[in-house]
Amino acid sequence: MKLAALAFLAACGSATSVTPVAAKAYRSPAIVDSHVHLALWPVDGELAATGVLFGVDLAAPDRALGQATALHTLVRSGPMLTHEAGYPLDAWGADGYGFGCATEACLTERFDALAARHVRVVKLALDDDGLDPALVPFAVQAAHARHLKVAVHALSEAAAKLGGGAGADVLAHTPVEPLSDETIALWAHRAVISTLAAFGGSDAAIENLRKLRAAGVTVLYGTDLGNLRDAGPSADELALLARAGMSAAEIADAMTVVPLRYWEIAPPASEATYLVLDGDPHTDVRFLLAPREVWSRGKRLR
């Protein structure tokens with residue numbers, strides 16, 4: 001999005017674009033990290049103070065649903081859907097971060113329960129011995145019938161192809177195995193959460209992101225916070241997004257306005273939620289790494 005030349009309609013308005021407000025000062029939307037695990041690593045206070053005021057928690061136990069957070073908004077998925085002993089239950093997520101299902105009836109009951117708790121996105125484990133592939137198309141259809149977006153943990157070519165063919169909405173990570181042209185085409189005009197640094201920023205993953213962008217896939221900045229221990233906007237992730245061919249303006253938007261729109265997060269204009277930066281992040285995205293001021297609901301956090 002190009003630099004806006006208009007002043008805000010109200011002094012306390014919520015930022016929806018980057019706007020110059022004084023000499024060497026710019027008002028910006030706050031940062032969205034589209035892949036966090038705050039139940040695993042509860043650093044929401046530290047995140048908020050750095051300007052990450054919005055997050056999407058893609059796998060947390062049921063007990064975390066509805067818990068208070070220092071972030072302005074935390075979109076929650078509940079546990080990752082897998083089979084009864086699959087990933088992440090067999091790894092880092094043994095304490096409720098996954099929920100095992102082996103039948104359509106189980107998935108139906110699960111999605112009904114999540115929808116009743118106002119969850120907006122669900123996550124399916126497709127790699128590492130996750131959900132039975134035969135159940136994936138049903139799971140996507142059942143989630144969509146309840147107006148839930150579907151994110152898929154799909155790091156491999158096979159898993160990405162499975163999720164794309166089933167109609168899933170967003171790749172929870174940039175896959176790390178080289179993707180075929182067929183798989184890239186399946187994901188055209190959907191979305192991918194970057195998480196490049198969390199998996200080492202390999203050449204294959206960076207090339208996958210290039211190809212996905214060329215196919216019209218929406219890129220959402222995300223770090224896999226909790227598995228990656230960096231409590232704030234990630235300089236490493238920004239550098240890798242630049243290596244994937246994204247401009248400063250494209251990276252800044254992938255951190256702010258694009259995910260706000262994608263996840264349907266709309267802070268009221270009256271509540272003053274924004275960042276004040278020392279420069280225009282559309283020219284140099286590193287200005288988002290150290291905001292001069294952080295405001296959330298009219299309260300200055302920094």
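On a predicted model such as this, the values are computed, not experimentally measured, just so you know.

Enquirer: Got a sec to walk through the overall build of the protein? Specific residues and values, please.
Expert: For the protein, the helix and strand inventory stands at nine helices and 15 strands. A globule of 302 residues ought to have a C-alpha radius of gyration of about 19 Å, and the protein, at 19 Å, matches this closely. Each principal axis of the C-alpha atoms in the protein carries an extent, and together these give about 60 × 40 × 30 Å. For the protein, with 302 residues in total, the buried portion stands at 55%.

Enquirer: Explain the nonpolar core to me, and be specific about the residues and the numbers.
Expert: Counting residues in each nonpolar core, the largest one holds 85 residues, and the members touching the most others are Phe-111, Leu-124, Val-152 and Trp-263. Take this core: its biggest share by element is five residues, from helix 3 (residues 136-145).

Enquirer: I'd like a description of the pairing of strand 8 (residues 121-125), backed by residues and values.
Expert: Burial analysis of strand 8 places five of its five residues in the buried class, which makes it a mostly covered element. Side chains of strand 8 alternate between two faces, with Val-121, Lys-123 and Ala-125 and Val-122 and Leu-124 buried alike. Note: strand 8 against strand 9 (residues 149-153), five bridges, orientation parallel. In the strand pairing of strand 9, Lys-123 is matched with Ala-151.

Enquirer: Before we move on, can you summarise the packing of aromatic side chains with the specific residues and values?
Expert: Using the criterion set out here, one finds four aromatic pairs in the structure. Measuring from centroid to centroid gives 6.3 Å for Tyr-87 and Trp-92, while their planes differ by 75°, and the two rings are edge-to-face. Note on Tyr-87: relative accessible area 14%, which makes it buried. Each member of the aromatic cluster is reached from another via a ring pair, and the members are Tyr-87, Trp-92 and Tyr-97. In this structure, Lys-149 is placed above the aromatic ring of Tyr-262, and the distance from its NZ or CZ to the ring centre is 4.2 Å.

Enquirer: Which residues make up the state of the cysteines, and what values go with them?
Expert: Throughout the structure, instances matching the rule amount to one disulfide. There is a disulfide in this structure between Cys-101 and Cys-106, and the S-S distance comes to 2.0 Å. Negative torsions about the S-S bond denote left-handed disulfides, and the value of about -65° found for Cys-101 with Cys-106 makes this one left-handed.

Enquirer: Before we move on, can you summarise the sheet that holds strand 3 (residues 31-36) with the specific residues and values?
Expert: The strand order across the open sheet built from three strands is 3-4-5, with neighbouring strands paired in parallel fashion. Of all the strands in the sheet, just strand 3 and strand 5 (73-76) have a single pairing partner and so form its edges. Adjacent strand axes in the sheet meet at a mean angle of 15° when their direction is disregarded. Here strand 4 (residues 52-57) pairs with strand 5 via four bridges, running parallel.

Enquirer: Describe unusual backbone geometry, listing the residues and the values that go with them.
Expert: Residues apart from glycine generally show negative phi values, whereas peptide bonds are mostly found in trans. Look at the link from Tyr-87 to Pro-88: it is a cis peptide, with omega at 5°. Within the secondary structure, Pro-88 sits in the loop between strand 6 (80-82) and strand 7 (98-100). Look at Ala-59: it is not a glycine, yet its phi comes out positive at around 130°. Following the sequence through the fold, Ala-59 ends up in the loop between strand 4 and strand 5.

What counts and what doesn't
- Residues numbered from 1 in each chain as written.
- Predicted model: local features only at pLDDT ≥ 70, side-chain atom pairs only at ≥ 80, totals over all residues.
- Heavy atoms only, no water.
- Helix = DSSP H or I, 4+ residues; strand = E, 2+ residues; numbered from the N terminus.
- Rg over C-alpha atoms; globule rule 2.2 N^0.38 Å.
- Buried < 20%, exposed > 50% of the residue type's maximum accessible area, 1.4 Å probe, protein only.
- Core = buried A, V, L, I, M, F, W, Y, C linked by side-chain atoms within 4.5 Å.
- Pairing = 2+ DSSP bridges.
- Phe/Tyr/Trp six-rings, centres within 6.5 Å; stacked < 30°, edge-to-face > 60°.
- Lys NZ or Arg CZ within 6 Å of the ring centre and 35° of its normal.
- Disulfide = S-S within 2.5 Å.
- Axes fitted to C-alpha atoms, helices over the stretch in contact; angles between N-to-C directions.

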